[in-house]
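One-letter residues, chain by chain:
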Amino acid sequence: MATTDRTAPARTGLGDREPGRARAEWWRGWFAPAQGLRPRPLDVLVALVIAFVQVAGTIEYSQDEPPSPWAFDAFACVPLLAGPVALLFRRRWPEATLVVTFAAAAGYAASGYPRGPAGFPAFGFAVASAIMMGRSSFAWRVLVVAYAAFIWLPSLIPDEVEKSRGLAG
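Since we're looking at a predicted model, the values are computed, not measured.

Parameters at a glance
- Residues numbered from 1 in each chain as written.
- Predicted model: local features only at pLDDT ≥ 70, side-chain atom pairs only at ≥ 80, totals over all residues.
- Heavy atoms only, no water.
- Helix = DSSP H or I, 4+ residues; strand = E, 2+ residues; numbered from the N terminus.
- Contact = heavy atoms within 4.5 Å.
- Core = buried A, V, L, I, M, F, W, Y, C linked by side-chain atoms within 4.5 Å.
- Buried < 20%, exposed > 50% of the residue type's maximum accessible area, 1.4 Å probe, protein only.
- Axes fitted to C-alpha atoms, helices over the stretch in contact; angles between N-to-C directions.
- Parallel < 35°, antiparallel > 145°, perpendicular 65-115°, else oblique.
- Left-handed = near helix turned anticlockwise from the far one by under 90°.
- Nonpolar A, V, L, I, M, F, W, Y, C, P; charged D, E, K, R; others polar.
- Salt bridge = Lys/Arg side-chain N within 4 Å of Asp/Glu carboxyl O.
- Expected span 1.5 Å × (residues − 1).

Draft legend 1. Structural detail: the environment of glycine 57. In this structure, glycine 57 sits in helix α2 (residues 41-63). Along the backbone, glycine 57 and glycine 116 are 59 residues apart, and their C-alpha atoms lie at a distance of 6.3 Å. Glycine 57 has contacts with Phe52 and Pro117, leaving out every residue within four places of it along the chain.

Draft legend 2. Molecular detail of the nonpolar core. One finds Ile50, Leu87, Leu98, Phe102, Phe123 and Phe150 to be the most contacted residues of the largest nonpolar core, which totals 19 residues. Elements represented by at least two residues in this core include exactly α2, α4 (94-111), α5 (120-132) and α6 (136-152). The biggest single contributor to this core is α5, with six residues. If we ignore the near neighbours within four places in the chain, the residues touching isoleucine 50 are Pro84, Leu87, Pro121, Ala122 and Phe125. Membership of the second largest hydrophobic core comes to seven residues, among which are Val55, Cys77, Tyr113 and Ala118.

Draft legend 3. Structural detail: the packing of α2 against helix α3 (residues 74-87). At their nearest, the axes of α2 and α3 sit 8 Å apart, and the two run at 165 degrees to each other. Comparing the axis directions of α2 and α3 gives the class roughly antiparallel. As for how α2 packs across α3, the hand of that crossing is right-handed. Between α2 and α3, the residues in contact are Ala47, Ile50, Ala51, Gln54, Val55 and Thr58 and Cys77, Leu80, Leu81, Pro84 and Leu87, respectively. Its residues assigned to classes, the contact of α2 with α3 shows nine nonpolar, two polar and no charged.

Draft legend 4. Spotlight on the packing of α3 against α4. At a minimum axis separation of 8 Å, α3 and α4 run at an interaxial angle of 165 degrees. As summarised for this structure, α3 and α4 are arranged roughly antiparallel, according to the angle between their axes. In this structure, the crossing between α3 and α4 has a hand that is left-handed. Residues Ala76, Pro79, Leu80, Ala82, Gly83, Ala86 and Leu87 of α3 pack against Thr97, Val100, Thr101, Ala104 and Tyr108 of α4. Taken together, the residues of the contact of α3 with α4 sort by class into nine nonpolar, three polar and no charged.

Draft legend 5. A look at the pattern of salt bridges. Following the criterion strictly, the structure yields three salt bridges and no others. Across the pair aspartate 43 and arginine 90 runs a salt bridge whose closest N-O atoms are separated by 3.0 Å. Of this pair, aspartate 43 sits in helix α2 while arginine 90 sits in the loop between α3 and α4; the two residues are 47 residues apart in sequence, bridging distant segments of the chain. Considered together, aspartate 43 and arginine 90 belong to a single accessibility category, that of buried residues. Put simply, arginine 91 and aspartate 43 hold a salt bridge, and the shortest N to O gap is 2.6 Å. Separated by 48 residues along the polypeptide, arginine 91 in the loop between α3 and α4 and aspartate 43 in helix α2 bring together distant segments of the chain. Neither arginine 91 nor aspartate 43 differs from the other in exposure class; each is buried. Look at the salt bridges and you will find they share partners, linking Asp43, Arg90 and Arg91 into a network.

Draft legend 6. Seen up close, α4. Between its first and last C-alpha, α4 extends 26 Å over 18 residues, near the 26 Å set by a 1.5 Å rise per residue. Along α4, the residues classified as buried are Pro94, Thr97, Leu98, Thr101, Phe102, Ala104, Ala105, Ala106, Tyr108, Ala109, Ala110 and Ser111. Its buried side turned inward, α4 meets α2, α3, α5 and α6. One or two steps after α4, the chain reaches glycine 112, where phi turns positive at roughly 90 degrees.

Okay, structure coming up:
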């Protein structure tokens, strides 16, 4: 009769699961800190998708909107692309990434360019990333400032939509 050594540590394979661990921790790789400056291929893909959503979504949204002070042009793309570029470095500097994505989204919101998803997808991903990487107190403070900024900044250069709402609205 053959016996097995039960004291040897079992090697877990790809299909092996520890109860509750495999499903609960699959996302940790998304938020693991980086040692170098080179972004991982998955980070580049996420940044490209978010850049596409922000630029294409804003262009599409602006087609049905009343005229704004400025038409969508190449300068409007600068803050829309600054956030996704900052996301490339989120593993190395999560706080700086969060500040840059907030500044890009707030700058676009205050600019008077047509509305749309603008910088919000990059900012939302940076907030989630900072919280998951253990920078939650910093992220919550930025969210408080962002809430106030996104409420008041569009009224600095009001378009037809903002004029109809008024500052008190």
